[in-house]
Amino acid sequence: MKEIRYVDLVATTTLHLVIVEPGSIEPQGFGCGVLAVYRDRVFLLSVAHVTDLVGMQTAIETNQPVEGGSKLYGMESMCYFHEYPVPETLSAGQAIDIEKLLAEPGQRMDITFGELKENVELLQPEWDFEAFRIEAGRKNMVYLDQIATTELSYDREYNFIGRVRQKIEGKELRSQVTSQFGMKYHGTEGLFHRFLVANIIWDADDYRGCSGAPIYDDLGNLVGLACMVRRNTKRLYAFPIEECIRLLDIAIATKMV
């Protein structure tokens, strides 16, 4: 069996998403995601702010060529979660007024997933990053059942690949593939892991479209999904993969998926 290089793992598990109006191919948004096998089912994982657009559908770019670009595969539905604070003074056995709780504005958790219920051929195009080259082939999936909970290390390097600066030229969608290798863990801020990229982020468009990209450590462990940057800093944030797995378990147990 051919060994997969680390850079190949990062590239071939990264999917590019296009948000479209049902029945239309006109893009309304862009992002990234990853296909994950969990409990013998296949899920698309991404972040909520990419896909949660009213009246829009999340589609995976398959890289199967069609006239004017690449064939898209539309997801049936995506799951979302909101977080509601429970009073700290709540005693054991005390009832909660769910209707009152839900009437308060909840905080949307920046994570989403949907089940892929059929086999879809997803292709990996050839990418040349000068420092390394990704050959054309097929996309790969990650296996969440095999992920062990490990603390992030200040000594490791963290990396992802995404796509930015999307634009329509005629009937073709063009974009730039970008990579961020050598990021450093910089702590956890609330729910999110914080990383430092190599250079100060002056222009958010250098990252717009990367949200949802899987982030790996230099041992090939999936640690989270890219979700946010702060301009005029080197800070990039990720939604932790352990929290994503916890929410997947809830969604499966409650038959949301």
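Note: the structure precedes this text.
These figures come from a predicted structure and were not determined experimentally.

**A word on the packing of aromatic side chains**
- With the rule as written, the count across this model stands at ten aromatic pairs.
- On the numbers, 6.5 Å between centres and 80° between planes, the contact of Phe 43 with Phe 113 is edge-to-face. Highlighted residues: Phe 43 in strand β3 (residues 41-46) and Phe 113 in strand β8 (residues 112-115), separated in sequence by 70 residues. Neither residue differs from the other here; Phe 43 and Phe 113 are each classed as buried.
- Relative to Phe 239, the ring of Phe 192 has its centre 6.1 Å away and its plane inclined at 70°; by these criteria the two rings are edge-to-face. Of this pair, Phe 192 sits in strand β16 (residues 192-196) while Phe 239 sits in strand β19 (residues 235-240), placing them 47 residues apart in sequence.
- Judged by relative accessible area, Phe 239 falls into the buried class, the value being 1%.
- Here a set of aromatic residues connected by ring pairs shows up, and it is made of Tyr 6, Trp 127, Phe 129, Phe 132 and Phe 181.

**Brief notes about the nonpolar core**
- By size, the foremost hydrophobic cluster in this structure holds 37 residues, and its most contacted members are Leu 45, Phe 113 and Leu 144.
- For this core, the elements supplying multiple residues, two or more each, are α1 (6-12), β2 (27-38), β3, β18 (222-229), β19 and α4 (241-253).
- Ranked by residues supplied to this core, first place goes to α4 with seven residues.
- Beyond its immediate sequence surroundings of up to four residues, Leu 144 is in contact with Ala 36, Val 37, Tyr 38, Leu 45, Leu 222, Ile 241, Ile 245 and Leu 248.
- Counting residues in each nonpolar core, the second largest holds 18 residues, with Tyr 158, Phe 195, Cys 210 and Ile 215 among its members.

Parameters at a glance
Along each chain, numbering runs from 1 in the same order as the chain's sequence is written. Whole-chain, interface and lining totals are the exception, using all residues; otherwise, since this is a predicted model, local features are given only for residues with pLDDT of at least 70 and side-chain atom pairs are given and counted only at 80 or more. Note that the side-chain values use all heavy atoms of the structure and ignore hydrogens as well as water. Note on aromatic pairs: the rings of Phe, Tyr and Trp (six-membered ring only in Trp) are paired at centre separations within 6.5 Å, and the planes decide the class, stacked below 30 degrees, edge-to-face beyond 60, tilted for the rest. Elements are defined by DSSP. Helices are runs of H or I of four residues or more, strands are runs of E of two residues or more, and each kind is numbered from the N terminus. Burial status follows relative accessibility: with a 1.4 Å probe on protein chains alone, a residue under 20% of its type maximum counts as buried, one over 50% as exposed, and anything between as partly exposed. Grouping buried Ala, Val, Leu, Ile, Met, Phe, Trp, Tyr and Cys residues that are joined through side-chain atoms within 4.5 Å yields what is termed a nonpolar core. The contact definition used throughout considers only heavy atoms, calling two residues in contact when any of these lie within 4.5 Å.

Any functional reading would require information that these geometric values do not contain.
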